[in-house]
Amino acid sequence: MAALRTFIRPREPDERCDTCGAGLPKEHGHTFDPASRLIRCACEPCEILYSSVYQPIPRRVQALPNFVMSDAQWDDLMIPISLAFFSYSTPLKKMVAQYPGPAGAAESLLRLNAWEDICAANPELLDLRPDVEALLVNRVGAARDYFIVPIDECYKLVGLIRLHWRGLSGGAVVWGEIGRFFGELRRKGKNASANV
């Protein structure tokens, strides 16, 4: 058996560092380029070494069960669907609102006074790290879910929708995937609260 093992190739890692090519475990870090809005897989050494070029994305997921936003305030934001994420862009020097769809993430014009009213009622939004953290909002149907999440979680949702969307309404599969995505965020948010 020992002789046969020499002919077995080690299993290739599923993902590699986008900078140095090192194999990465399933749970690994990401970096973000604010100018291009590109997310890169990163090993720990590259995450540290290139932190002046690419911002390391934190891993904080914080559920906001006491978030205050009325239906009228949501309408004032002029987001055409019931899913959106909001992050401060340092290159643009403003808060950016994006919503996921079958073609990717679309940007929505954000009325500044509407956003300021929401921030005044929810001071935890002032702690969002520019570029790499976002407020993720789910108001689909009866849901009223609000989370502070790493920006890569927002793009994960975008990718999930692009992958599973079928027809005009998306189909049952995509809505099931969206439900699982937010269920996992709720679990992560509860675990984070328990560890504080």
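Presented here is an overview of the structure given in this document. This structure is a prediction, so every number in the text was calculated from the model and none was measured. (Residues numbered from 1 in each chain as written. Predicted model: local features only at pLDDT ≥ 70, side-chain atom pairs only at ≥ 80, totals over all residues. Heavy atoms only, no water.)

As a further point, take the pattern of salt bridges. Tallied over the full model, the rule gives eight salt bridges. In this structure, the salt-bridge partner of Lys-188 is Glu-153, at a minimum N-O distance of 3.1 Å. Of this pair, Lys-188 sits in helix 6 (residues 171–195) while Glu-153 sits in helix 5 (residues 151–164), placing them 35 residues apart in sequence. Taking relative accessible area as the criterion, Lys-188 reaches 26% and is therefore assigned partly exposed. Of the residues examined, Glu-153 reaches a relative accessible area of 10% and is grouped as buried. We note a salt bridge from Glu-184 to Arg-187, for which the minimum N-O separation is 2.3 Å. Linking Glu-184 with Arg-187, this pair stays in helix 6, spanning three residues, or about one helical turn. On the basis of relative accessibility, which here comes to 31%, the residue Glu-184 falls in the partly exposed class. (Salt bridge = Lys/Arg side-chain N within 4 Å of Asp/Glu carboxyl O. Helix = DSSP H or I, 4+ residues; strand = E, 2+ residues; numbered from the N terminus. Buried < 20%, exposed > 50% of the residue type's maximum accessible area, 1.4 Å probe, protein only.)

Moving on, we come to helix 5. Within an α-helix, residues lying three or four positions from one another point in the same direction, as the helix has 3.6 residues per turn. Helix length check: helix 5, at 14 residues, gives a terminal C-alpha distance of 20 Å against a target of 20 Å (1.5 Å per residue), a fit within 8%. Taken together, the buried positions of helix 5 are Ile-151, Asp-152, Glu-153, Cys-154, Leu-157, Val-158, Leu-160 and Ile-161. (Expected span 1.5 Å × (residues − 1).)

Another point: the sheet that holds strand 8 (residues 94–101). An order of 6-11-10-7-8-9 is seen for the six strands of this open sheet, with the pairing classed as antiparallel. Single-partner strands in this sheet number two, and they are strand 6 (62–63) and strand 9 (104–108). With five bridges connecting them, strand 8 and strand 9 associate as antiparallel partners. Of the residues in strand 9, the one forming a bridge with Gln-98 is Glu-107. Strand contacts of helix 5: strand 7 (83–89), strand 8, strand 9, strand 10 (133–138) and strand 11 (145–150), with the helix running at about 110 degrees to strand 11, the strand carrying the most contacts. (Pairing = 2+ DSSP bridges. Contact = heavy atoms within 4.5 Å. Axes fitted to C-alpha atoms, helices over the stretch in contact; angles between N-to-C directions.)

Take Asp-152: it is sitting in helix 5. In this structure Asp-152 is buried but unpaired, with Arg-59 as the nearest side chain of opposite charge at 6.9 Å. Those residues in contact with Asp-152 that sit more than four places away from it in its chain are His-30, Ile-39 and Ile-57. (Lys, Arg positive; Asp, Glu negative; His and termini not counted.)

In this section: the sheet that holds strand 5 (residues 55–56). Within a beta sheet, neighbouring strands are joined by backbone hydrogen bonds and run either parallel or antiparallel to one another. Reading across the sheet, the three strands line up as 4-3-5 and stay open at both edges, with antiparallel pairing between neighbours. Two strands close off the open sheet at either side, each with one partner strand: strand 4 (38–42) and strand 5.

Let's shift gears to the layout of surface pockets. Its boundaries defined by the atoms lining it, the largest pocket holds a volume of some 580 Å³. Glu-27, His-30, Glu-153, Lys-156 and Lys-188 are the residues nearest the centre of the largest pocket, which is lined by 16 residues in total. Looking at the lining of the largest pocket, the elements with two or more residues in it are strand 3 (29–33) and helix 5. Broken down by element, the lining of the largest pocket gets its largest block of residues, three residues, from helix 5. Class assignment of the residues belonging to the lining of the largest pocket gives a composition of five nonpolar, three polar and eight charged. The volume enclosed by the second largest pocket comes to roughly 160 Å³. Together, Ala-63, Leu-64, Pro-65, Phe-67, Arg-144, Asp-145, Tyr-146, Phe-147, Arg-186 and Lys-190 line the second largest pocket. Only strand 11 and helix 6 provide two or more residues apiece to the lining of the second largest pocket. The leading source of residues in the lining of the second largest pocket is strand 11, at three residues. Of the residues in the lining of the second largest pocket, the class split is six nonpolar, no polar and four charged. (1 Å grid on protein atoms, 1.4 Å probe; cavity = no way out; pocket = protein on both sides within 12 Å on 5 of 7 lines; lining within 4 Å. Points joined across faces, edges and corners; volume = space filled by probe spheres on them. Nonpolar A, V, L, I, M, F, W, Y, C, P; charged D, E, K, R; others polar.)

So, about empty space enclosed by the protein. Summed over all chains, the structure comprises two cavities of 30 Å³ or more. Roughly 80 Å³ of volume is contained in the largest cavity. What lines the largest cavity is Phe-32, Pro-34, Arg-37, Ser-87, Tyr-88, Ser-89, Val-96, Gln-98, Asp-131, Ile-151 and Tyr-155. Looking at the lining of the largest cavity, the elements that each hand over two or more residues are strand 7, strand 8 and helix 5. When residues of the lining of the largest cavity are assigned to their parent elements, the largest contribution, three residues, is made by strand 7.

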